[in-house]
There are 2 protein chains.
Amino acid sequence: MTEFRRLRVALLGAGAVGSQVAHLLRTHADELADRAGAALDLVGIAVRDVDAPRDVELPRELLTTDADQLIVGADIVIELTGGIEPARSRILEALNSGADVVTANKALVATHGPELFEAADQVGATVSYEAAVAGAIPIIRPLRDSLAGDRVHRIMGIVNGTTNYILDRMDREGSDFAEVLADAQALGYAEADPTADVDGFDAAQKAAILASLAFHTAVPLDAVHREGITAIDAQTIAAARGAGYVIKLLAVCERVADGDGEAISVRVYPALVPREHPLANVRGANNAVFVQAEAAGDLMFYGAGAGGIQTASAVLGDVVSAARRHIAGGTGVGESTRANLPILPVGRVQTRYQITLEVSDRPGVLATVAGILSDGSVSIATVEQTVISEGNGKPGAARLVIGTHTALEQNLGDTVDRLAASGVVDRVVSVLRVEGD
Amino acid sequence: MTEFRRLRVALLGAGAVGSQVAHLLRTHADELADRAGAALDLVGIAVRDVDAPRDVELPRELLTTDADQLIVGADIVIELTGGIEPARSRILEALNSGADVVTANKALVATHGPELFEAADQVGATVSYEAAVAGAIPIIRPLRDSLAGDRVHRIMGIVNGTTNYILDRMDREGSDFAEVLADAQALGYAEADPTADVDGFDAAQKAAILASLAFHTAVPLDAVHREGITAIDAQTIAAARGAGYVIKLLAVCERVADGDGEAISVRVYPALVPREHPLANVRGANNAVFVQAEAAGDLMFYGAGAGGIQTASAVLGDVVSAARRHIAGGTGVGESTRANLPILPVGRVQTRYQITLEVSDRPGVLATVAGILSDGSVSIATVEQTVISEGNGKPGAARLVIGTHTALEQNLGDTVDRLAASGVVDRVVSVLRVEGD
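Residues numbered from 1 in each chain as written. Chains lettered and ligands numbered in written order. Predicted model: local features only at pLDDT ≥ 70, side-chain atom pairs only at ≥ 80, totals over all residues. Heavy atoms only, no water.

### Some details on the environment of Thr217(B)
Residues and elements named next belong to chain B.
Now for step 1: Following the sequence through the fold, Thr217 ends up in the loop between helix H10 (201-215) and strand S8 (225-226).
Now for step 2: The buried category is assigned to Thr217, whose relative accessible area is 1%.
Now for step 3: A C-alpha to C-alpha distance of 18 Å links Thr217 and Glu130, two positions 87 residues apart in sequence.
Now for step 4: When near neighbours in sequence (up to four residues on either side) are disregarded, Thr217 contacts Ala211, Ser212, Ile264, Ser336, Thr337, Ala339, Asn340 and Leu341.
Now for step 5: A distance of 2.9 Å separates a polar side-chain atom of Thr217 from the backbone nitrogen of Leu341. (Helix = DSSP H or I, 4+ residues; strand = E, 2+ residues; numbered from the N terminus. Buried < 20%, exposed > 50% of the residue type's maximum accessible area, 1.4 Å probe, protein only. Contact = heavy atoms within 4.5 Å. Polar contact = N/O pair within 3.5 Å; in protein donor to acceptor, adjacent residues only side chain to side chain.)

This is the structure we're talking about:
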């Protein structure tokens, strides 16, 4: 048996992910040592309450409530407590004492990433966060390393399992949002307070992280345009289906021409995706990240986006890599944010749209609608009108589905406002972007 | 502008991939320096004939026929000449002089990987080969690093674009093998001598590389069981389609229980894949690698499996990583082959089968066939009999499609031999494994 150098691993947090990480570190110790070239000694687990029930039984003597004490002397610190504080301070403390840090904390990386990376660079250590985006799916390392010699043009990610589960069931069953959400909550796919998922906050954090990596630019969370899925109803999904689309909550990170140079756009919203697109077939709570790069062409990474044990796999991959670096010597490789591209406001983004309106079914309405679109520099690609109700003498109601050519978000918004106020439109049912065609 | 340390990059080979690598190194020099934290100076390109026509124009002064001279003093050597010699000697020469090596040479890595990795370890350098498997798709690094803390149970890969193109067209058009092959050759998807692709040699090299990485075990190429697709005809594809399957040439790498311990099996053959499996939708010349791991669950990596510029993306990712290591200091991280699992002979592999027979349509035939299967310890799961021709007085002909439960490859082979010799079977049409259900 090989005699390995021993590394001290401190774990902060023993929730769904943490308890699995602790379990795997202990039960797979020999294998992990073989992979890492170093024995990974779990020296302690910091928790809030040593007596709380856990998903996996952990040895009582490893549990402590003193996280700060545990960090002292650790070679690798795994932060799985979540939230900004005290996670941020503890990570900085660990880095300053020379430890490598592994975290799954997407909120922290999305908001304080540059501070953490800077602190790591100062001491030649690393902060790894593969588990922060898309659970078990390797996406951080491929973007950071495998595509480091390429230019990413565009990422479209299904990075929130809860909303994909809800939209997929709505699509397959024709059910309404509230109904599926309640079911998802009962089954544990959605939290009691579903805001972080259904309003797109979680996806926006992941979008900021992906865009920062892909475009070598620090993307602050508040630069991510965000819309959730709560306004998507069964009728909108059925209409999308009829037109050959499926609705997915997408994190879109895009490199665009901007005058003589380039800029990036980062946005999260429900979008129409053609049924034949690889992302359209991502079912249930799964995640997938579709990447378009200049040389590599189209790539897709698919798998489980959440789950304690799945996320633990990503955490342990980072832990083994950190251990290898300890053994190999040398400093950690920092994040490259040297491109520092400007971030485009959402109003200047260009996409195609599908606008669904309820209008009076009488002569001249389509001409009025078309005129308003034309005045707003929004060019019509397709129109479909269906009668909703006969008027019995008075004008009936019709549904108008308008597909546009590429239009500027700002023009589109202004135009939709003018349609709503025009007198011929009873209701703006939905305005959705079309992505991936 | 940041002042970077300069690294000397030597390129061996200027074919489809090499010329694109040279082009990107020169046109994207500033960006690559930003990513790597070092300027990557392309100091020369070794070619056989400096006057040969190239896909991309390259400056004449960089071309040389003296590869050995070029290697001297290089920090990073990119080997894109292919074949075993002189590629092997030159890589060893480069490693011994302390350079990091990046290669796309699957034949060399599959046959001489351990020798190269050992040489790299001796001097603390690295051999990277992301481009050797599945072109632009990041799969080497995810297996090596991202899944380093997990246990891979199984890989199913579509790793040869030519055969996937042929099988996909046969499936979609109902055409025969020879016809589609000729077309693929005319379109440049298949070589004039298609043996390496259609007989599975190329896929077997990639399977050996994937299995070595996934199971931390040196898998020699001759331990890979290999069957090609030349026997797959339009009728077999149509029957598979009718049964809800698509036929794909798969590289299967599997960890199996073996007595008290574990063993691995590595095999390449055309297999029936259920239409709803993610691999079933991999179209045209694309590649995809489906990975099942203990903690991560199911993952899939999808993209272009070949092409000069696509493969160049993978090469440059490795080059940037090698450059970062140079700047960070420390030694390279070697390949972990410490698990050293035994490799199961194919006779001891267990899978499900679909056996298609032509039999005489007369009483007692099914009983005889069922008896032979039962004697051979092959358990029947499904049987479907269809009449091929009426006998007009004499016995007609029928087609019998038998789905088995999991059976031992060796038992199955013996049983099929006995069926062929039984007198009631006119022809064994096909014996295909079922994977992924």
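Alright, that's what it looks like, and here's the rest.
### Examining the pattern of salt bridges
Now for step 1: Tallied over the entire structure, the rule returns 63 salt bridges over all chains.
Now for step 2: Between Glu262(B) and Arg255(B) there is a salt bridge, with its nearest N and O atoms 3.0 Å apart. (Salt bridge = Lys/Arg side-chain N within 4 Å of Asp/Glu carboxyl O.)

### Quick notes on the domain arrangement of chain A
Residue and element names in this part refer to chain A.
Now for step 1: Per the domain assignment, the segments of chain A are domain 1 (5-135 + 309-328), domain 2 (140-305) and domain 3 (346-434).
Now for step 2: Domain 2 and domain 3 are separated by 26 Å when their C-alpha centres are compared.
Now for step 3: The interface of domain 2 with domain 3 comprises 15 residues on the first partner and 13 residues on the second.
Now for step 4: Of the roughly 1200 Å² buried between domain 2 and domain 3, counting both surfaces, carbon and sulfur atoms make up 54%.
Now for step 5: Scanning the region where domain 2 abuts domain 3 turns up 2 salt bridges.
Now for step 6: Across the salt bridge formed by Asp258 and Arg348, the nearest N and O atoms sit 2.4 Å from each other.
Now for step 7: Applying the counting rule to domain 2 against domain 3 returns 4 residue pairs in polar contact (both at pLDDT 80 or more).
Now for step 8: Taken together, the elements giving at least two residues each to the side of domain 2 that touches domain 3 come down to helix H11 (234-242), strand S9 (245-258) and strand S10 (261-274).
Now for step 9: Residues of the side of domain 2 that touches domain 3, tallied by class, amount to 8 nonpolar, 4 polar and 3 charged. (Domains from an automatic or database assignment. Buried area = accessible area lost by both parts, 1.4 Å probe. Nonpolar A, V, L, I, M, F, W, Y, C, P; charged D, E, K, R; others polar.)

### With respect to the sheet that holds strand S4 (residues 76-79) of chain B
Sheet strands pair via backbone hydrogen bonds, and the direction of the pair is either parallel or antiparallel.
All names here are of chain B.
Now for step 1: Pairing in this open sheet of 6 strands is parallel, and the strands run S3-S2-S1-S4-S5-S6 from one edge to the other. Each edge of the sheet is formed by a strand with only one pairing partner; in this case those strands are strand S3 (63-64) and strand S6 (127-128).
Now for step 2: As paired elements, strand S1 (residues 5-12) and strand S2 (residues 38-46) share 8 bridges and run parallel to each other. Within S2, the residue paired with Val9 across the bridge is Leu42.
Now for step 3: The strands touched by helix H4 (residues 87-96) within the sheet are S1, S4, strand S5 (100-103) and S6, with S5 carrying the most contacts at an inclination of about 150 degrees. (Pairing = 2+ DSSP bridges. Axes fitted to C-alpha atoms, helices over the stretch in contact; angles between N-to-C directions.)

### Let's talk about unusual backbone geometry
Now for step 1: Note the cis peptide between Glu85(A) and Pro86(A), where omega equals 10 degrees.
Now for step 2: With respect to the element layout, Pro86(A) can be found in the loop between strand S4 (76-79) and helix H4 (87-96).
Now for step 3: Residues other than glycine seldom take positive phi values, yet His216(A) does so here, at roughly 55 degrees.
Now for step 4: Along the chain, the position of His216(A) falls in the loop between helix H10 (201-215) and strand S8 (225-226).
Now for step 5: Positive phi is not limited to glycine here, since Ala134(B) has a value of about 60 degrees.
Now for step 6: Examined against the element boundaries, Ala134(B) turns out to sit in the loop between S6 and helix H6 (140-146).
Now for step 7: Relative accessible area serves as the criterion here: at 1%, Ala134(B) is assigned to the buried category.

### Quick word on the relation of the copies chain B and chain A
Note on the chain copies: they are related by a rotation about an axis and a translation along it.
Now for step 1: Mapping chain B onto chain A calls for a screw motion: a turn of 180 degrees about the axis and a shift of 0.0 Å along it, with 0.1 Å RMSD after fitting. Taken together, the turn and the small shift mark the pair as related by a two-fold rotation axis. Ranked by how close their C-alpha atoms come to the rotation axis, the residues of chain B are headed by Gly330(B), at 1.9 Å.
Now for step 2: Looking at chain B, 100% of its interface residues are interface residues in chain A too, so the copies touch through the same face. (Least-squares fit on C-alpha atoms with pLDDT ≥ 70 in both.)

### Thoughts on the environment of Arg241(A)
Residues and elements named next belong to chain A.
Now for step 1: Take Arg241: it is sitting in helix H11.
Now for step 2: By relative accessible area, which is 41% here, Arg241 ends up partly exposed.
Now for step 3: Sequence separation between Arg241 and Gly371 is 130 residues, and the spatial gap between their C-alpha atoms is 28 Å.
Now for step 4: Looking at Arg241, its side chain comes within polar contact range of the main-chain oxygen of Asp171, at 3.2 Å.

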